[in-house]
Amino acid sequence: MSDLSARAELYLEVQQFYAAHMHALDSGEADLWAADFTEDGVFTPPSGPNVRGRADLATAVKNSSEQRARAGEQHRHWHGMVDVRTTGTGEIDVRCYALIIVTRRGEESSLKRACVCHDRMVRVAGRLQIREREVTRDDLAPTRGEVVPRPASS
Amino acid sequence: MSDLSARAELYLEVQQFYAAHMHALDSGEADLWAADFTEDGVFTPPSGPNVRGRADLATAVKNSSEQRARAGEQHRHWHGMVDVRTTGTGEIDVRCYALIIVTRRGEESSLKRACVCHDRMVRVAGRLQIREREVTRDDLAPTRGEVVPRPASS
Amino acid sequence: MSDLSARAELYLEVQQFYAAHMHALDSGEADLWAADFTEDGVFTPPSGPNVRGRADLATAVKNSSEQRARAGEQHRHWHGMVDVRTTGTGEIDVRCYALIIVTRRGEESSLKRACVCHDRMVRVAGRLQIREREVTRDDLAPTRGEVVPRPASS
């Protein structure tokens, strides 16, 4: 298999992964969403403390899903401009843009946030899993590292 | 050909399909858009009655294109977070998010709607065609089935 | 390699290309962004004169990056509905939608513009490069050619 074929397949896998991952998140399927992280996966949110491990990740999503339900809001998380690289150690390094789109029942939808998501993925038993996720918000001052463009060759 | 190669190729096909499909829709090319459905394809919109068959589908799009032209509006339909599965019967089952972006001449663009699109596709003479489409709007109460996340394996 | 495999690989390449290209643009890495054009590449913007050649392209991006920094704005350029064709002469012809999303520090993000981007790409030393880019804005009257949908077969 050529390098390009391998990269095409990985790119497809990442896109499909994010699609199922975000459908799970926005439907409040917290455990399904958390299962996309490694057992000890870490999420570094734009503000607030890190969340570590599937159990805590699932709890965090359950809580925010309940908040949204009470507010009558449907959120949609939307990844795009997905830049996929493989590292020397075989990890998959993904940087992408992430929109959060909010709709209240009976109202027009609105774009709430533009973010950048940086995932470090590994392959576990053949499936992609997120080992580390860091999300930054465009509306907050860049207290952590900004996205730095990388040369086009992986 | 590996399973992964086949899935990568199908994923590409679906993305390319939606791109051409939406360019046709937003340019008012109603017949070209309707040809992406099977001859007896059915569209279940978020509200109002179903539309069945290419002729009626094309008519519906012609009417809404004329409305938009009179209103001086350009719409853009944008699919993302595309989740592609193949069913046991060989159909292709796609669930994705769909945005409608509206621009009036001389004004800033705005996000009008966030939707979920569920397509059941078949392959006819080698080409993908939509046999059934169901679209739900986030701003309406979920009177029909909501998107239910599915396990990551197809 | 089948035609479909080749198309899948090209589609992946274009998506990955745009991801890195836009991350570079939105991070103000003007030279990295300009290197995605051929040496004599031409950019036809929605308004104003054409920009020709990497040096002038980079200068234009540097200037607009500085403007945005002074205004405290982060822009995100987002391509979607990417329609990729190969021409008889071996060029790659891409038409896609392009959103510009703007965020001011401390404020909610907003969708500023919906555009259509038409790129003619060539392969130089194995890598894709843009030979001609034309961008039209939905909010301006169509003084140049509008996007015309093309048959689904390339």
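Refer to the structure presented above.
Procedures and definitions
- Residues numbered from 1 in each chain as written.
- Chains lettered and ligands numbered in written order.
- Predicted model: local features only at pLDDT ≥ 70, side-chain atom pairs only at ≥ 80, totals over all residues.
- Heavy atoms only, no water.
- Salt bridge = Lys/Arg side-chain N within 4 Å of Asp/Glu carboxyl O.
- Helix = DSSP H or I, 4+ residues; strand = E, 2+ residues; numbered from the N terminus.
- Buried < 20%, exposed > 50% of the residue type's maximum accessible area, 1.4 Å probe, protein only.
- Polar contact = N/O pair within 3.5 Å; in protein donor to acceptor, adjacent residues only side chain to side chain.
- Contact = heavy atoms within 4.5 Å.
- Buried area = accessible area lost by both parts, 1.4 Å probe.
- Nonpolar A, V, L, I, M, F, W, Y, C, P; charged D, E, K, R; others polar.
- Pairing = 2+ DSSP bridges.
- Axes fitted to C-alpha atoms, helices over the stretch in contact; angles between N-to-C directions.
- Least-squares fit on C-alpha atoms with pLDDT ≥ 70 in both.

**Notes on the pattern of salt bridges**
Next, step 1: Inspection of the entire model under this criterion finds 45 salt bridges over all chains.
Next, step 2: Ionic pairing is found between R120(C) and D93(C), a salt bridge with its closest N-O pair at 3.4 Å. Placement of the pair is R120(C) in strand β5 (residues 110-124) and D93(C) in strand β4 (residues 92-104), with a sequence separation of 27 residues.
Next, step 3: A relative accessible area of 28% places R120(C) in the partly exposed class.
Next, step 4: Each of E91(A), R131(A) and E132(A) takes part in a single network of salt bridges with overlapping partners.

**Comments concerning the side chain of R76(B)**
Next, step 1: Considering the arrangement of structural elements, one finds R76(B) in strand β3 (residues 73-86).
Next, step 2: A distance of 2.8 Å separates polar atoms of two side chains, one belonging to R76(B) and the other to D138(C).
Next, step 3: Other than its neighbours up to four places away in sequence, R76(B) contacts D26(B), L99(B), I100(B), I101(B), Y97(C), V116(C) and D138(C).

**Details of the interface of chain C and chain B**
Next, step 1: On the side of chain B, 32 residues touch chain C, which itself brings 36 residues to the contact.
Next, step 2: Both sides together, the interface formed by chain C and chain B hides about 2700 Å², and carbon and sulfur atoms give 59% of it.
Next, step 3: Counting across the interface, chain C meets chain B through 2 salt bridges.
Next, step 4: Notably, a salt bridge pairs R76(B) with D138(C), separated by 2.8 Å at the nearest N-O pair.
Next, step 5: At the boundary of chain C with chain B, the tally comes to 15 residue pairs in polar contact (both at pLDDT 80 or more).
Next, step 6: Taken together, the elements giving at least two residues each to the side of chain C that touches chain B come down to α1 (3-26), β3 (73-86), β4 and β5 of chain C.
Next, step 7: Ranked by the residues each element gives to the side of chain C that touches chain B, the list is headed by β3(C), at 8 residues.
Next, step 8: Across the side of chain C that touches chain B, the residue classes break down as 21 nonpolar, 5 polar and 10 charged.

**Describing the sheet that holds strand β1 (residues 37-44) of chain A**
Next, step 1: The 6 strands lie next to each other as β2-β1-β6-β5-β4-β3 (chain A), forming an open sheet whose pairing is mixed. Only two strands of the sheet have a single neighbouring strand rather than two, namely β2 (51-52) and β3 (73-86) of chain A.
Next, step 2: Alignment of strand β5 (residues 110-124) of chain A against strand β6 (residues 127-137) of chain A, held across 10 bridges, turns out to be antiparallel. Directly across from R123(A), in β6(A), lies its bridge partner L128(A).
Next, step 3: Of the strands in this sheet, β3 and β4 (92-104) of chain A are in contact with α1(C), which crosses β3(A) at around 100°.

**Points about the relation of the copies chain B and chain A**
Next, step 1: Of the transformation superimposing chain B on chain A, the axial component is 0.0 Å and the angular component is 120°, with the fit at an RMSD of 0.0 Å. Look at the turn and shift together and you get a three-fold axis relating the two.
Next, step 2: The two copies present different faces, since only 14% of the interface residues in chain B are matched by interface residues at the equivalent positions in chain A.

**Observations regarding the interface of chain B and chain A**
Reports of interface size often rely on the accessible area that becomes lost once the parts have come together.
Next, step 1: The partner chain A presents 32 residues to the 35 residues of chain B that form the contact.
Next, step 2: Summing both sides of the interface, chain B and chain A together bury roughly 2700 Å²; the carbon and sulfur share of this comes to 59%.
Next, step 3: In this structure, the connection of chain B to chain A is made through 2 salt bridges.
Next, step 4: At the boundary of chain B with chain A, the tally comes to 15 residue pairs in polar contact (both at pLDDT 80 or more).
Next, step 5: When residues of the side of chain B that touches chain A are traced back to their parent elements, those giving at least two are α1 (3-26), β3, β4 (92-104) and β5 (110-124) of chain B.
Next, step 6: Considering each element in turn, the side of chain B that touches chain A owes the most residues, 8 residues, to β3(B).
Next, step 7: Class assignment of the residues belonging to the side of chain B that touches chain A gives a composition of 20 nonpolar, 5 polar and 10 charged.

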